Amino acid sequence: MFESIVKTFTEKYNTTPRIFRSPGRVNIIGEHTDYNEGFVLPGAINKHIWVGIGKRNDNKINLFASDFNELHSFDVTTIQRSSVQWTNYILGVVDQLQKAGYTLTGFNLVIDGDVPVGAGLSSSAAVECAVIYALNELFALHIDKLKMVHMAQKAEHTFAGVQCGIMDQFASMMGKKDHVIKLDCRSLSYEYIPCNLEGYKIVLFNSNVKHNLASTEYNVRRQQCEQGVHMLQQFYPEIKSLRDVNMKMLDEHIAVADPLIYQRCKYVVEENARLLMACDYLTKGNIPALGKKIFESHEGLSKDYEVSCKELDFLVDLVKINPAVAGARMMGGGFGGCTINLVKEDAIEKLIDSVKMIYEKETRLPLTSYIAEIDNGTSEVN
Ligand code: GLA
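All chains use their own residue numbering, which begins from 1 and follows the written sequence. Only residues with pLDDT of at least 70 are given local features in this predicted model, and only at 80 or more are side-chain atom pairs given and counted; all residues enter the totals for whole chains, interfaces and linings. Note: side-chain values were computed over all heavy atoms of the structure, leaving out hydrogens and water.

A.B. asks: Describe the nonpolar core, and please don't skip the residues or the numbers.
C.D. replies: Throughout this description, the term nonpolar core refers to a set of buried Ala, Val, Leu, Ile, Met, Phe, Trp, Tyr and Cys residues connected via side-chain atoms within 4.5 Å. Each residue is assigned to one of three classes by its accessible area relative to the maximum for its type, calculated with a 1.4 Å probe on protein chains only: buried under 20%, partly exposed between the two thresholds, exposed over 50%. Counting residues in hydrophobic clusters, the biggest one holds 83 residues, and the most contacted among them are F107, L135, I202 and L204. For this core, the leading source of residues is helix α3 (residues 123–138), giving 10 residues. Comment: elements are numbered from the N terminus, with helices defined as DSSP H or I runs of at least four residues and strands as E runs of at least two.

Take a look at the structure:
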């Protein structure tokens, strides 16, 4: 990838670039908990968005995406949302930097990568993090990583229109090889936990269902959680988010009043509890027990939070009875994308073959699979 970016950049812009990359992510457990100030357990993976970048002497921004073979130009002094969706992840970052008072001049950029888009592996966060990190270096802005994470998240809110939590950008920027990040999304304190899977590996099955419902329904889930908090604040004014809520409160005050809101909040409260147990199991190397929590997480996401879809449910059901699979669930925002599976190393090849055959026959969609290795976060590549 490094060579091909340099080559494209040199051909397009006649100069040599600096090269940066930022990874996609997996999340072991803790889904839809980040914007509820709960916990998540993501790790950066060995799939990246790559950016080649160089300064210009004027105010022009040239963006070239190798995947689309498209070049679009903008003026750095008049940044706004564009009708070309992929450019918004980059322009959104430029906009955030400007809003924070940083002065940028023109630059040339080439973007490429191997994080599949719409697969729930956070390709958009990887773009935002790669770009903000690259601009920070290029213009010597001296912004610290955590601030960049916040700005990248904000770019997603404003230019991509998804009211996402902080998990994806955090994992992409802060990832550490062979470790997952136990992140408290309230305090943003975090701990790197060694991802020792005791002979299991992380296998991703991409349903190849693209989540077009995803951004609207995602924002709806966020609102439903906020509504639950709002309802409970009448009884417990000290409550700030679902992090402060327990099942007793939900049973007493929401179950009857609003069954749908109850279902949503219940999932979040249970998922936080599952995550804490799961971390404990991971630390102790008890992968079968960890896997059980992962299966339970899927059940909650599918039945209570209702962010799964029939293809994802099918993929999880398919591996559930397989003794080589410790756990499986849908991952990320939902409505398509990947399932994450913990699979015994010596059974992976056979499993991939059989799941592919059965899934493709049943759904008439292609199944793609990846073995994810946990990698480092955003960096410059020399
Ligand atoms: C998307 C969002 C994250 C998180 C997950 C669900 O990936 O970007 O912030 O909310 O969905 O866990």
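A.B. asks: With reference to specific residues and values, describe the environment of H48.
C.D. replies: With respect to the helices and strands, the residue H48 is situated in strand β3 (residues 42–55). Its relative accessible area of 4% is what places H48 among the buried residues. Residues are treated as being in contact if the distance between any of their heavy atoms lies within 4.5 Å. When near neighbours in sequence (up to four residues on either side) are disregarded, H48 contacts R21, S22, P23, D112, G113, D114, V115 and D375.

A.B. asks: Can you break down the sheet that holds strand β11 (residues 338–344) residue by residue, with the values?
C.D. replies: The strand order across the open sheet formed by four strands is β10-β11-β9-β12, and the pairing between neighbours is antiparallel. Only two strands of the sheet have a single partner each, and these edge strands are β10 (325–330) and β12 (368–372). Along the sheet, successive strands turn relative to each other by an average axial angle of 20 degrees, direction set aside. Sheet strands in contact with helix α9 (residues 287–304) are β9 (200–206), β10 and β11, and its direction is about 25 degrees off that of β10. As a rule, the C-alpha atoms of each element are fitted with a line to give its axis, helices using only the stretch in contact, and angles between N-to-C directions run from 0 to 180 degrees. Of the strands in this sheet, β9, β10, β11 and β12 are in contact with helix α11 (residues 348–363), which crosses β9 at around 15 degrees. Any two strands between which DSSP finds at least two bridges are classified as paired.

A.B. asks: Requested: an account of the pattern of salt bridges, with residues and values cited.
C.D. replies: Note on pairing: side chains with opposite charge can pair once their charged atoms come close. A carboxyl oxygen of Asp or Glu within 4 Å of a side-chain nitrogen of Lys or Arg is what we treat as a salt bridge. Applying the stated criterion across every chain, the model contains 24 salt bridges. In this structure, the salt-bridge partner of E11 is K7, at a minimum N-O distance of 3.3 Å. A residue pair is termed a helical-turn pair when its members lie 3 or 4 positions apart in one helix, as E11 and K7 do in helix α1 (residues 2–13) at four residues. Note on E11: relative accessible area 57%, which makes it exposed. By relative accessible area, K7 is classed as exposed at 54%. For D280, the salt bridge identified is with K284, shortest N-O distance 3.0 Å. One end of the pair is D280 and the other is K284, both in helix α8 (residues 259–284) and four residues apart, which spans about a single turn. The exposure class of D280 is partly exposed, given its relative accessible area of 37%. One continuous salt-bridge network, built from bridges that share partners, spans R18, E137 and E380.

A.B. asks: Could you give me a rundown of helix α10 (residues 310–320), with the residues and numbers involved?
C.D. replies: What α10 keeps buried is the set E311, L312, L315, V316 and V319. Projected down its long axis, α10 shows its buried positions confined to an angular sector of 135 degrees, all on one face. Where the residues of α10 are buried, they touch β9, α9, β10, β11 and α11. To be clear, the arc concerns the directions from the helix axis to the C-beta atoms.

A.B. asks: How would you summarise the sheet that holds strand β4 (residues 60–65) if you had to cite specific residues and measurements?
C.D. replies: The six strands are arranged β5-β4-β6-β3-β1-β13 in an open sheet whose pairing can be described as mixed. Looking at the sheet topology across the chains shown, the edges are occupied by β5 (70–75) and β13 (379–381). Taking each pair of neighbouring strands and ignoring which way they run, the sheet shows an average axis angle of 25 degrees. The sheet contact formed by strand β1 (residues 18–27) and β13 spans three bridges and is antiparallel. By the bridge assignment for β13, R21 is matched with S379. Set on the sheet, helix α2 (residues 85–99) makes contact with β4, β5 and β6 (107–113); between it and β4 the angle comes to about 145 degrees. Lying on the sheet, helix α5 (residues 167–174) is in contact with β1 and β3; it crosses β1 at an angle near 125 degrees.

Purely geometric numbers; function is a separate question.
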